[in-house]
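# A closer look at the structure
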Amino acid sequence: MVDGSVEDSQKALFGMLPEELKELVAELGEKGYRATQITEALYRQRVTDIGAMTALSAALREELALRGIAVGMPEIVQTAKSVDGTERYLMRMGDGETVETVWMPDGDGGERGDGSEASAEEEQAEGLEGNVSEFAPRRDLRNVGALEQSGYSRATICISSQVGCAVNCQFCLTAKLGIKRNLTGGEIAGQVAAVLNRHGVKIGKDRINLVFMGMGEPFLNYDEFIRSVEILVKHIGIPESRMTVSTSGIEPAIRKFAQEPLRPKLALSLNASNDVVREQVMPITRKWKIGQLLDAVRTLPLGKREWVTFEYVLLGGVNDQPEHAREVLDLLRGMKAKVNLIVWNPGPGIDYTQPKPEDVAVFQKMLIEGGMPAYIRRPRGRDIYAACGQLKRTVSEEQGQLVTIG
Ligand code: SAH
Ligand code: SF4
């Protein structure tokens, strides 16, 4: 079954591909079309229980249960809601491990220019088609998805790829956890399914963007990350053009990624303008220098509407000065790229300071004037610790009860 899974989740159906389900039903002496029915139930209907797979015969459902096979979609066990609409979920896996997933609804185009995928698409669409929204007729509410009915036009889901992270970036809270284990492809895609269910999202009607920017380094869990993409695109039905994966920069994995037939857009966490500063803030730079990473990124065959995003966390006095902006421009000259500037989100026990607002403004202005599109990413859900780099499992189990501790 699923490679790299722990014992409990080996019995999970969620995460299996149609060909694997075919093998499973054959083993049970059932006809091939049963695999198609299970695929539909798992990924289109997003059922959480084998009992709800009503297309299957009662005997088959019973047989699956007897063998200890379950759906195994991650379960939301705790939620926190921000004043800005962002929600942070604690997701429990089959073996009791937990990760965090974030839901960020977006409203009225207020994120234009914030550097998010949504805004980039909006701007591109407007560039091509003019401002259509102003003249769009009001749509019949019966015909729109759950999101629009609740006043939002789209939402972004931020998913985790590992329990903890091994990369040890000095400014990131997730790093403090260390690495506990990889998530399986089913557990990665399953976070999305659980959140879609919670909000009653209708794929095809609601606009959903995905970012692989939660806990963990997706490129250090490469095969399972790719499996999750296949499930999300081919079976759950979210186009890869609406997905972005962020990496701290694992050079061989970037090269491999560039060859994938089905892949999200790429974001590279640059976070410094030279190797000396980058090594301080991201010790992984000892292994792969900025130049090597950029060479690998250049092998990516970019689509017409595709840019590489460089994320740049601004740390007060460390990497946010005019000389750094000039170095970034030199590094990225000639690349079809944009820069997302992220004001560092503080966390307990992390010894950095936030950049001064005037330094952030100057940094952005210098990039733009130097010909590099640059956006300041609006922090989302900071009040509930859901913003970038703030994901750690802010709960502990006390006498079997989940309590918030941070
Ligand atoms: N591991 C991957 C994806 C998860 S981190 C990566 O590092 O790219 C997602 C983004 O959050 C990265 O760009 C990272 O640099 C940024 N980040 C981490 N900690 C942060 C913090 N405290 N404040 C702001 N951004 C942070
Ligand atoms: Fe891991 Fe990304 Fe945090 Fe670095 S920034 S420790 S790679 S999650």
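Please refer to the structure placed before this passage.
Right, let's walk through the structure included here. (Residues numbered from 1 in each chain as written. Chains lettered and ligands numbered in written order. Predicted model: local features only at pLDDT ≥ 70, side-chain atom pairs only at ≥ 80, totals over all residues. Heavy atoms only, no water.)

Before going further, it helps to examine the overall build of the protein. When helices and strands are tallied, the protein shows 12 helices and 14 strands. Relative to all contacts within the protein whose residues are 6 or more apart in sequence, the contacts with residues 24 or more apart total 70%. (Helix = DSSP H or I, 4+ residues; strand = E, 2+ residues; numbered from the N terminus. Contact = heavy atoms within 4.5 Å.)

As a further point, take the site of ligand 1. Residues in contact with ligand 1 amount to 18 residues; listed here are only the nearest, Gly216, Ser246, Ser269, Asn271 and Asn345. The contact in question runs from a nitrogen atom of ligand 1 to an N or O atom on the backbone of Phe171, over 3.1 Å. One of the side-chain N or O atoms of Glu311 is found 3.2 Å from an oxygen atom in ligand 1. The protein chains hide 96% of the 530 Å² of surface that ligand 1 would expose on its own. Residue assignment for the shell around ligand 1 shows that the elements contributing at least two residues are strand S8 (243-247) and strand S10 (308-314). The residue inventory of the shell around ligand 1, partitioned by class, reads 7 nonpolar, 9 polar and 2 charged. (Near = heavy atom within 4 Å. Polar contact = N/O pair within 3.5 Å; in protein donor to acceptor, adjacent residues only side chain to side chain. Areas by Shrake-Rupley, 256 points an atom, 1.4 Å probe, with all protein chains shown as cover. Nonpolar A, V, L, I, M, F, W, Y, C, P; charged D, E, K, R; others polar.)

Counting residues in hydrophobic clusters, the biggest one holds 115 residues, and the most contacted among them are Leu13, Phe171, Ile208, Phe219, Phe310 and Leu367. When residues of this core are assigned to their parent elements, the largest contribution, 8 residues, is made by helix H7 (residues 222-236). Looking at this core, you find at least three residues from each of domain 1 (7-66) and domain 2 (75-401). With residues near it in sequence (within four places) discarded, Phe171 still touches Asn271, Val281, Met282, Val313, Leu315, Trp344, Ile350 and Tyr352. (Core = buried A, V, L, I, M, F, W, Y, C linked by side-chain atoms within 4.5 Å. Buried < 20%, exposed > 50% of the residue type's maximum accessible area, 1.4 Å probe, protein only. Domains from an automatic or database assignment.)

Attention now goes to helix H1 (residues 18-27). Along H1, the residues that are buried comprise Leu21, Leu24 and Val25. All buried residues of H1 lie within an arc of 95° about the axis, which places them on one face of the element. In H1, the exposed positions angled more than 90 degrees off the buried face are occupied by Glu23, Ala26 and Glu27. On its buried face, H1 is in contact with helix H2 (33-44) and helix H3 (58-66). Looking one or two residues past H1, Gly29 carries a phi angle of roughly 75°, positive in sign. (Arc of directions from axis to C-beta.)

Turning next to the environment of Asn345. Within the element layout of this structure, Asn345 appears in the loop between strand S11 (337-343) and helix H12 (357-369). Residue Asn345 is classed as buried on the basis of its relative accessible area of 5%. Residues Asn345 and Arg382, 37 residues apart in the sequence, show an inter-C-alpha distance of 7.6 Å.

Take the pattern of salt bridges next. Here the idea is simple: oppositely charged side chains can pair when their charged atoms come close. Enumeration according to the criterion identifies 23 salt bridges in this entry. A salt bridge links Asp106 to Arg378; the nearest nitrogen and oxygen atoms lie 3.6 Å apart. Taken together, the residues Asp106 in strand S3 (residues 98-106) and Arg378 in the loop between strand S12 (374-377) and strand S13 (395-398) connect sequence positions 272 residues apart. Here Asp106 falls in the buried class, since its relative accessible area comes to 5%. In this structure Arg378 comes out as partly exposed when scored by relative accessible area, which is 37%. A salt bridge links Arg298 to Asp295; the nearest nitrogen and oxygen atoms lie 2.9 Å apart. One end of the pair is Arg298 and the other is Asp295, both in helix H10 (residues 290-298) and 3 residues apart, which spans about a single turn. Its relative accessible area of 46% is what places Arg298 among the partly exposed residues. Via salt bridges that share partners, Asp84, Asp106, Arg378 and Arg380 belong to a single interconnected network. (Salt bridge = Lys/Arg side-chain N within 4 Å of Asp/Glu carboxyl O.)

As a further point, take the site of ligand 2. Looking at ligand 2, the residues that line it are Cys165, Val167, Asn168, Cys169, Cys172, Ala175, Gly216, Glu217 and Ser248. Taken together, the residues that form the shell around ligand 2 break down as 5 nonpolar, 3 polar and 1 charged.

The next subject is the packing of H1 against H2. Two quantities define a packed helix pair, namely the angle between the helix axes and the distance between the axes. Put simply, H1 and H2 touch, their axes get as near as 8 Å, and they point 130° apart. Between H1 and H2, the interaxial angle falls into the category oblique. Between H1 and H2 lies a crossing whose hand is right-handed. Residues Pro18, Leu21, Lys22 and Val25 of H1 form the contact with H2, whose own contacting residues are Arg34, Ala35, Ile38, Thr39 and Leu42. Among the residues forming the contact of H1 with H2, the class breakdown is 6 nonpolar, 1 polar and 2 charged. (Axes fitted to C-alpha atoms, helices over the stretch in contact; angles between N-to-C directions. Parallel < 35°, antiparallel > 145°, perpendicular 65-115°, else oblique. Left-handed = near helix turned anticlockwise from the far one by under 90°.)

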